[in-house]
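Observations on chain architecture
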Amino acid sequence: MEIYGKENIDAYRGRELYENPPHLYAVSDAAYKAMKRRAKDTCIVISGLPFGYLPTIHLPDETSEGLVSCVSGESGAGKTEASKYIMQYIAAITNPNQRVDVERVKNVLLNSNCVLEAFGNAKTNRNDNSSRFGKYMDINFNFNGDPTGGHINNYLLEKSRVVQQQGGERNFHSFYQLLRGGSEEMLKSLHLQKDPAVYLFIREGAAATTFNNDRLGHRAVMSALGVIGFSEEEIKAIYQILASILLLGNLQFESDVATGGGEVIEKAHTEQDACFGRDAFAKALYERLFSWIVGRINDVIQVKDYNPLLHGKNTVIGVLDIYGFEIFDNNRLIDYFNNQIIVDLVEQSHKGIISILDEACLTVGNVTDTVCLDSMDSKLAQHPHYTSRKLSPTDKSMDFQKHFRIHHYAGDVTYSIEGFLDKNKDLLFQDFKRLMFNSNNQAFKEMWPDGGLRITEVTKRPLTAATLFKNSIVALVDKLACKVAYLGLLENVMVRRAGFAYRQSYKMTCEYTWPHHLMDSDRDAVETIINKHGFQDDVAYGNTKLFVRTPRTLFTLEQERATLIPILVLFLQKVWRGALARMRCRRLRAISAIMGCYKRYKVKAHFWEVERRFANVRNMADYGKGVEWPTPPATLAQFHSATVTLHRRWWARQKVKNIPPSDMLEVRS
């Protein structure tokens, strides 16, 4: 059943929130209208919650600074698709004049979804197109409500998936799209084969059943990269890196023994150390590639040459999409951080899991995973959210010296300690970074700017995987904290808990409150409206807002408002048109008066000039016949002709008077 087509867009465009059944388009339209009407930033939060298989749409709510909407659901519920439909709806209802610059921004924003999905999404056991990263996208709008640019922040990329996946799952889509969609010539230049099963890093998902068409996906990504503005060299560099990662995964290592001076010297690094170094390098390559792609998209869509004085206020709709909560059969180090409730257990200084892991990684000597687990059991024994087989000997679902369990709010999750220390080290030393920075490929250099640091500038040990992941979460939380504070979400939650899910400002529009309600306060005027419609038992009155329990009340008020708005618009138009007509009338009268004065002046000036030129005409020998007449204004053309004729007659009489009587007979003959 098609519920996201053009007909549905038209059905929800410009409609009030409760006028139609709940829909993503209703949320999108409400966010867009709130942003445009009130010139306030708005935010749509798409979060991964542990319960419920369908995405839940929490209808938008006004705050003092904007509007907040939330679409929630666990992995596979459709949050990523929801974010795409939100973008498509906003693109469909904006730029009615088809301005080229706005269309370019819209095309880049829409095509960025395709690229980010290919490089940031993967098939899991729950979802064929699961987001394995979080993103926060700002879409900037001008005062007309047309998109002018945007910015994308990416968080928490699941880079461990590059080297290892759960059974039945796949690596990121980009690898399979390259092998199954790339041309023979392209694969040959990259030294690749079409069969994904050849490559260790993607072998697990080679035979996995999926609804994704990798061949069509590759074609769509190549097209999207071109639309966004990636050059051919940059696209080539992207796929060279993907090929390098696949080939890295097939590297085999053997323990190397060197001889010198008759002695046998065994190198300190083991085959396992080499494999961990290879995996760390592969993960870093992909993570840097992904961040670089996001950065290039941001370079294209950022708002350029913006001047508030010329372009008006710049407003934003923020879309936050965080991937959903999942519990795996074998939960890994990265899976800690899907849950904020136990953040203290994970982050607490000196006693948190991250601190214990980092301390074990930095300890000199043979510190094993088992030793690390014993340290966690010792320091976290009293924590209500932590347990292990040693702390719960009767719980046979866990193994001694192998498992520990965290009581998440979504349920109990059991972790295997095996490989924790090696994965937490995830070391990428400066040598690797310097090697990539010195590449002849400009894209590679841009991905590894820290490789340009001198040896004397690199004094710190590389951060562990857990610390890097924690830092990424902190950046995301800081971003959310700003939005929470700016939009007043905490106050919003408190009001909702009290049962009042909806709110309206006291500046409501009706016959009593616009333009002057003649009452003591705005609250009194709104109370009159509420009592008039019989809703007094369904509301509560705040300092500046009316709080409403049920949508029926708010919908009725919105209907009343929508009915009155055209009347008010017509009234304003009438008043304004009258004002314009009066201004035009005054201007026309002024113009007429000025023209009249000017015409009179031109007539008088003409008379003055004629008088000046013919003042002594009686004393002239030719009686003024040689005097040049001034050019008359158009209004005196006929009068001028008559005056010239009269002068000629007068001149003739003067000539006749001067003829002697004896010559008159000859003149007459």
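These notes cover the structure that comes with them. No experiment lies behind these values; they were computed from the predicted model shown. (Residues numbered from 1 in each chain as written. Predicted model: local features only at pLDDT ≥ 70, side-chain atom pairs only at ≥ 80, totals over all residues. Heavy atoms only, no water.)

Look at helix α5 (residues 173-181) against helix α8 (residues 232-249): their axes get within 11 Å of each other, and the N-to-C directions meet at 100 degrees. Classed by the angle they form, the pair α5 and α8 counts as roughly perpendicular. Mapping the contact onto sequence places S174, F175, L178 and L179 in α5 and Y239, L242, A243, I245 and L246 in α8. For the contact of α5 with α8, a count of residues per class yields eight nonpolar, one polar and no charged. (Axes fitted to C-alpha atoms, helices over the stretch in contact; angles between N-to-C directions. Helix = DSSP H or I, 4+ residues; strand = E, 2+ residues; numbered from the N terminus. Parallel < 35°, antiparallel > 145°, perpendicular 65-115°, else oblique. Contact = heavy atoms within 4.5 Å. Nonpolar A, V, L, I, M, F, W, Y, C, P; charged D, E, K, R; others polar.)

Helical geometry: 3.6 residues make up each α-helical turn, so side chains three or four residues apart lie on a common side. Among the nine residues of α5, seven are classified as buried, and the element is accordingly described as predominantly covered. In this fold, the buried residues of α5 make contact with α4 (100-120), β4 (121-122), α6 (184-189), α7 (214-228), α8 and α9 (271-301). (Buried < 20%, exposed > 50% of the residue type's maximum accessible area, 1.4 Å probe, protein only.)

Scanning all chains against the criterion turns up 14 aromatic pairs. Centre to centre, the rings of Y32 and F141 are 5.8 Å apart; their planes meet at 65 degrees, and the pair counts as edge-to-face. Of the two residues, Y32 is situated in helix α2 (residues 24-38) and F141 in strand β6 (residues 134-141); the sequence distance between them amounts to 109 residues. Here F141 falls in the buried class, since its relative accessible area comes to 0%. An angle of 70 degrees between the planes, with centres 5.5 Å apart, marks the rings of F607 and F639 as edge-to-face. Of this pair, F607 sits in helix α20 (residues 551-613) while F639 sits in helix α21 (residues 637-657), and the two are 32 residues apart along the sequence. The exposure class assigned to F607 is partly exposed, which follows from its relative accessible area of 35%. Grouping aromatic residues by their ring pairs yields a cluster made of Y4, Y25, Y85 and Y89. (Phe/Tyr/Trp six-rings, centres within 6.5 Å; stacked < 30°, edge-to-face > 60°.)

Right, let's get into the environment of M137. Structurally, M137 can be placed in strand β6. According to the relative accessible area criterion, M137 is buried, its value standing at 2%. Measuring from C-alpha to C-alpha, the distance between M137 and G150 comes to 7.0 Å, with 13 residues separating the pair along the chain. If sequence neighbours within four positions are ignored, M137 has contacts with M87, L109, S112, H151, I152, I317, G318 and V319.

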